[in-house]
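Chains, contacts and geometry: an overview
One-letter residues, chain by chain:
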Amino acid sequence: LSVFTLTLVGCGGGDGTKTKAKDEKIIIKFSHVVAESTPKGQAALKFKQLVEEKSGGKMEVQVFPSSQLCGDKEELEALQANNVQLIAPSVTKLVGFVPAFQLVDMPFLFASDQAAYNFYDGPFGQKLMRSLEPKGMLGLAWWPNGAKHFTNSKRPLKTPEDFKGLKFRTQSGGLLDAQFKALGAGSQTLAFAEVYQALQNGTVDGQENTFNNIDTQKYVEVQKYLTVSSHGRLDYVVLTNTKFWNSLTPEQQQLISDCMKEATAYERQLADELNNKSKEKIKASGKVEIYELTESDRAAFIKALEPVYKEYTDKIGKEYIDAARASK
Ligand code: LMR
């Protein structure tokens, strides 16, 4: 009984393909992998509140944080099966579907947060967001988190040479492997829910993430050094199941779109706020030694990471890279 039953409850469970009776309450399951106290976690709750309020209780949004319902890989499968109706994965996890999503990982590509936001809201970002429709997933919004920074347990990382022989966790996709390879380091893809333990038991020496994820996942407990590098980004797209979406009336779609717009503005404001707060909190904790890359350090990293541009510009699409670079 139990093995089979277990695979049917939780992430894989439900009856996503069932058609609804006319006035049945619409239940929207929103699964994500981070803590509630993150920009994504808070914006998901904001969206819930707005939808439930504006629909007068005719729609209910159930939010499942911290991989409680589905982990990284499972949430994509669950969305495609319509067992959950909303997810907001880091776009790096979508590169298996659309390689161009890897542009967030291109080292030192965007000039600023605002440059990234403008790219996402412009024609290339919008095209990218819609590129998953053939896979049954409809993009509703870009929810940026922010710049990534390196942490590790072995030594301060000030120059590309310092990475030699270390092993880092990656989210997904070949570009991040290429990034660490160019720095002389190894890498291993691990689901977000597995990272803390992998850092603790030394399966990997380090990882890269936003200040807020580093803080809320308590990586400082199991890492000794943090390099403020802003070498890449970690951003999300909110995705829904296309069939689910098409089963809604135009009015219901409009209500969801309006609430999503409001939640998105909230998420972006929080991203900035919470990452800054987490940075200060990490500093104040005294648990990790912090090094901020100088301009000349950055130049050395940009040089060392040239092979990543050589290998991935065509895979991502030169027009995307050029547009991202030109974004202000
Ligand atoms: C990660 O796996 O490091 C991130 O994608 C987690 C997240 O969703 O912020």
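Everything in this summary refers to the structure shown in the same document. Bear in mind the structure is a predicted one, so any value in this text is a computation, not a measurement. (Residues numbered from 1 in each chain as written. Predicted model: local features only at pLDDT ≥ 70, side-chain atom pairs only at ≥ 80, totals over all residues. Heavy atoms only, no water.)

Moving on to the overall build of the protein. A tally of regular secondary structure across the protein gives 13 helices and 9 strands. Relative to its length of 328 residues, the protein is compact, with a C-alpha radius of gyration of 20 Å against a globular reference of 20 Å. Within the protein, the proportion of its 328 residues that are buried is 54%. Put simply, of all contacts in the protein between residues at least 6 apart along the chain, 74% involve residues at least 24 apart. On the protein, roughly 14500 Å² of surface is accessible, and the fraction owed to carbon and sulfur atoms is 52%. Within the protein, one finds 41 positive and 40 negative side-chain charges whose respective centroids are separated by 1 Å. (Helix = DSSP H or I, 4+ residues; strand = E, 2+ residues; numbered from the N terminus. Rg over C-alpha atoms; globule rule 2.2 N^0.38 Å. Buried < 20%, exposed > 50% of the residue type's maximum accessible area, 1.4 Å probe, protein only. Contact = heavy atoms within 4.5 Å. Areas by Shrake-Rupley, 256 points an atom, 1.4 Å probe, with all protein chains shown as cover. Lys, Arg positive; Asp, Glu negative; His and termini not counted. Charge placed at Lys NZ, Arg CZ, Asp CG, Glu CD.)

This paragraph deals with the nonpolar core. Counting residues in hydrophobic clusters, the biggest one holds 53 residues, and the most contacted among them are Phe101, Leu103, Met106, Phe163 and Ile316. Looking at this core, the elements with two or more residues in it are α3 (72-80), α4 (113-121), α5 (123-130), β4 (137-152), α6 (174-182), β8 (225-241), α12 (306-316) and α13 (318-326). Ignoring sequence-local partners within four residues, the contact set of Ile316 consists of Pro99, Ala100, Gln102, Leu103, Met106, Leu175 and Ile321. Leu86, Trp143, Ile214 and Leu248 belong to the second largest nonpolar core, which has 44 residues in total. (Core = buried A, V, L, I, M, F, W, Y, C linked by side-chain atoms within 4.5 Å.)

Lining the immediate environment of the ligand, one finds Val33, Val34, Lys40, Ser90, Lys93, Arg169, Gln171, Phe192, Asn209, Asn213, Leu234 and Tyr236. A distance of 2.6 Å is found between an oxygen atom of the ligand and a side-chain nitrogen or oxygen belonging to Lys93. Here an oxygen atom of the ligand sits 3.0 Å away from a polar atom, N or O, in the side chain of Gln171. When isolated, the ligand has an accessible area of 270 Å², and the protein chains bury 100% of it. The site holding the ligand turns out to be the largest cavity. (Near = heavy atom within 4 Å. Polar contact = N/O pair within 3.5 Å; in protein donor to acceptor, adjacent residues only side chain to side chain. 1 Å grid on protein atoms, 1.4 Å probe; cavity = no way out; pocket = protein on both sides within 12 Å on 5 of 7 lines; lining within 4 Å. Sits in = over half its atoms within 2 Å of the grid points.)

Attention shifts here to the pairing of strand β2 (residues 59-64). Judged by which residues are buried, β2 turns out to be one-sided: Met59, Val61 and Val63 face inward and are buried, whereas Glu60, Gln62 and Phe64, on the alternate face, are not. Note that strand β1 (residues 26-31) and β2 share 6 bridges and pair parallel. The partner of Lys29 across the bridge, within β2, is Gln62. The parallel pair β1 and β2 is bridged by helix α2 (residues 39-54), and the resulting crossover is right-handed. (Pairing = 2+ DSSP bridges. Right-handed = clockwise from strand over helix to strand, strands pointing away.)

Quick look at the pattern of salt bridges now. Between side chains of opposite charge, a pair can form as their charged atoms come close. Under the counting rule described, the total for this entry stands at 17 salt bridges. The shortest N-O distance in the salt bridge between Lys318 and Asp322 comes to 2.9 Å. Here Lys318 and its partner Asp322 are both found in helix α13, 4 residues apart, which amounts to about one turn of the helix. Exposure remark for Lys318: the relative accessible area of 47% places this residue in the partly exposed category. Classification of Asp322 by relative accessible area gives partly exposed; the value is 36%. (Salt bridge = Lys/Arg side-chain N within 4 Å of Asp/Glu carboxyl O.)

With that out of the way, let us pick up the packing of α12 against α13. Close contact between α12 and α13 brings their axes to 6 Å; oriented N to C, the two are set at 105°. Between α12 and α13, the angle is such that the two are roughly perpendicular. Taking contact as the criterion, the partners of Tyr309, Thr313 and Ile316 in α12 are, on α13, Lys318, Tyr320, Ile321 and Arg325. (Axes fitted to C-alpha atoms, helices over the stretch in contact; angles between N-to-C directions. Parallel < 35°, antiparallel > 145°, perpendicular 65-115°, else oblique.)

By the definition in use, this model includes 14 aromatic pairs. Considering the side-chain rings of Phe119 and Tyr120, the 6.0 Å spacing of their centres and the 75° angle between planes classify their relative orientation as edge-to-face. By the burial criterion, Phe119 is buried, and Tyr120 matches it. An aromatic cluster is defined as three or more aromatic residues linked by ring pairs; in this entry it consists of Phe101, Phe110, Phe119, Tyr120, Phe124, Trp142 and Tyr320. A cation over a ring is seen here: Lys46 above Tyr266, with NZ or CZ 4.8 Å from the ring centre. (Phe/Tyr/Trp six-rings, centres within 6.5 Å; stacked < 30°, edge-to-face > 60°. Lys NZ or Arg CZ within 6 Å of the ring centre and 35° of its normal.)

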